[in-house]
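# Close look at the chain arrangement
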Amino acid sequence: MRNNRIIAGIIAFIGTFAVSVGLVWLLFGFPVKPTYSYSSHNCHQQHTNAIDSFLQRDINNGRDRDIRSFEDYSEKSYSIADHADSVAEYVEESGSMDVTGFPRDFQIAWNKHMDAWQNYSEFLNAKKSSSKRLTKEDFQSFDERYTDEINETWYEVLRIGRNYGA
């Protein structure tokens, strides 16, 4: 019963994240035509291509994370430890992506987004090694807080990326 609650919470998180990415694509569309605010077209185009590539790499890391998290999932078995490990691996992969060549506002937004993921990873690691069991409601409450922060920071990354034509 408790495993079902944890599974439901994690599935709700992944579903929310997937829906939010889908909504961004529907509302903003990809690729977005760049709005030229720079005096140099080449500089702007360089940022556009680099940010596009960067975001696509992160999205691919996220897909890999989801595959790892639910690789051995069945109705009767689920491992929060596997999910925690998968999120930690995602944080390491995407968190190590170099943003130094990007505009400062994009760097700041990205770092906040990765901080949100790091916080979620630490939460999951604490829960996998804790002997104290959480109720479904408690887990969902904690999980929702982290999910909201991750989604909020992701939207900000996308908004700023879009300002650069990505």
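About the cut-offs
- Each chain has its residues counted from 1, following the order in which its sequence is written.
- Local features in this predicted model are restricted to residues whose pLDDT is 70 or higher, and side-chain atom pairs enter the listing and the counts only when it is 80 or higher, whereas totals over whole chains, interfaces and linings include all residues.
- Just so you know, side-chain values use all the structure's heavy atoms and leave hydrogens and water out.
- Strands here are runs of E lasting at least two residues and helices are runs of H or I lasting at least four, both read from the DSSP assignment and numbered beginning at the N terminus.
- The cut-offs for exposure are 20% and 50% of the maximum accessible area for each residue type, with area from a 1.4 Å probe on protein chains only; residues under the lower value are buried, those over the upper are exposed, and the others partly exposed.
- Contacts between residues were defined by any pair of non-hydrogen atoms, one from each residue, lying within 4.5 Å.
- Here the open area of atoms and residues is found with the Shrake-Rupley method and a 1.4 Å probe, where only the protein chains shown may cover a residue.
- Any Lys or Arg side-chain nitrogen found within 4 Å of a carboxyl oxygen on Asp or Glu counts as a salt bridge.
- One less than the residue count of a helix, multiplied by 1.5 Å, gives the span that helix is expected to have.
- Each direction from the helix axis to a C-beta atom contributes to the arc, which is the arc of those directions.
- Definition of nonpolar core: a set of buried residues of the types Ala, Val, Leu, Ile, Met, Phe, Trp, Tyr and Cys, connected through side-chain atoms within 4.5 Å.
- Lines fitted to the C-alpha atoms define the axes, with helices restricted to the stretch that makes contact. Angles between their N-to-C directions range from 0 to 180 degrees.
- For classification, angles of less than 35 degrees are called roughly parallel, those exceeding 145 degrees roughly antiparallel, those between 65 and 115 degrees roughly perpendicular, and all remaining angles oblique.
- Should the near helix be turned anticlockwise from the far one by less than a right angle, the crossing is termed left-handed; should it be turned clockwise, right-handed.
- Under this grouping Gly is polar, as are all residues other than the nonpolar Ala, Val, Leu, Ile, Met, Phe, Trp, Tyr, Cys and Pro and the charged Asp, Glu, Lys and Arg.
- A patch consists of residues whose relative accessible area exceeds 30% and which take part in no salt bridge; residues with like charges are grouped when within 9 Å of each other, and nonpolar side chains (Val, Leu, Ile, Met, Phe, Trp, Tyr) when within 5 Å.
- Here the positive residues are Lys and Arg and the negative ones are Asp and Glu; neither His nor the chain ends is included.
- Just so you know, the charge point we use is NZ for Lys, CZ for Arg, CG for Asp and CD for Glu.

As a further point, take the overall build of the chain. If you tally the helices and strands in the chain, you get five helices and zero strands. The helix and strand sequence of the chain, counted from the amino end, reads α-α-α-α-α. Expressed as a percentage of the 166 residues in the chain, the buried residues total 39%. Considering only contacts within the chain whose residues lie at least 6 apart along the sequence, 80% involve residues at least 24 apart. Of the roughly 9400 Å² of accessible surface on the chain, 51% is carried by carbon and sulfur atoms.

Let us look at the pattern of salt bridges. Counted according to the given criterion, the structure contains one salt bridge. With a shortest N-O distance of 2.7 Å, Glu156 and Arg159 are connected by a salt bridge. One end of the pair is Glu156 and the other is Arg159, both in helix 5 (residues 136-163) and three residues apart, which spans about a single turn.

Each turn of an α-helix holds 3.6 residues, which means side chains three or four residues apart point in the same direction. Over its 16 residues, helix 3 (residues 80-95) extends 21 Å from the first C-alpha to the last, a length consistent with the 22 Å expected when each residue adds 1.5 Å. Turning to helix 3, its buried residues are Ile80, His83, Ala84, Ser86, Val87, Tyr90, Val91 and Ser94. Along the axis of helix 3, the buried positions cluster into a sector of 165°, meaning they face one direction only.

We now examine helix 4 (residues 104-129). Counted at 1.5 Å a residue, the expected span for helix 4 with its 26 residues is 38 Å, and the 37 Å between its end C-alpha atoms agrees. Turning to helix 4, its buried residues are Phe106, Gln107, Ala109, Trp110, His113, Met114, Ala116, Trp117, Tyr120, Ser121, Phe123 and Leu124.

Further remarks concern the nonpolar core. Ranked by size, the top nonpolar core spans 34 residues in total, and within it Phe54, Leu55, Phe106, Trp117 and Tyr120 carry the most contacts. Going through the elements one at a time, helix 1 (2-28), helix 2 (41-69), helix 3, helix 4 and helix 5 are the ones with two or more residues in this core. No other element matches the nine residues that helix 4 contributes to this core. If sequence neighbours within four positions are ignored, Phe54 has contacts with Met97, Asp98, Val99, Phe102, Phe106 and Trp110.

What follows covers the packing of helix 3 against helix 4. At their nearest, the axes of helix 3 and helix 4 sit 9 Å apart, and the two run at 155° to each other. When the axis of helix 3 is compared with that of helix 4, the two are roughly antiparallel. The chirality of how helix 3 crosses helix 4 is left-handed. Residues Ile80, Ala81, His83, Ala84, Asp85, Val87, Ala88, Tyr90, Val91, Ser94 and Gly95 of helix 3 touch helix 4, and the partners they reach there are Trp110, His113, Met114, Trp117, Gln118, Tyr120, Ser121, Leu124, Asn125, Lys127 and Lys128. The class makeup of the residues in the contact of helix 3 with helix 4 is twelve nonpolar, seven polar and three charged.

Attention now moves to a negative patch on the surface. A contiguous patch of negative charge on the surface is contributed by Asp115, Glu144, Asp148, Glu149 and Glu152. If one sorts the elements of the negative patch by residue count, helix 5 sits on top with four residues. Summarising the element assignment, Glu149 is placed in helix 5.

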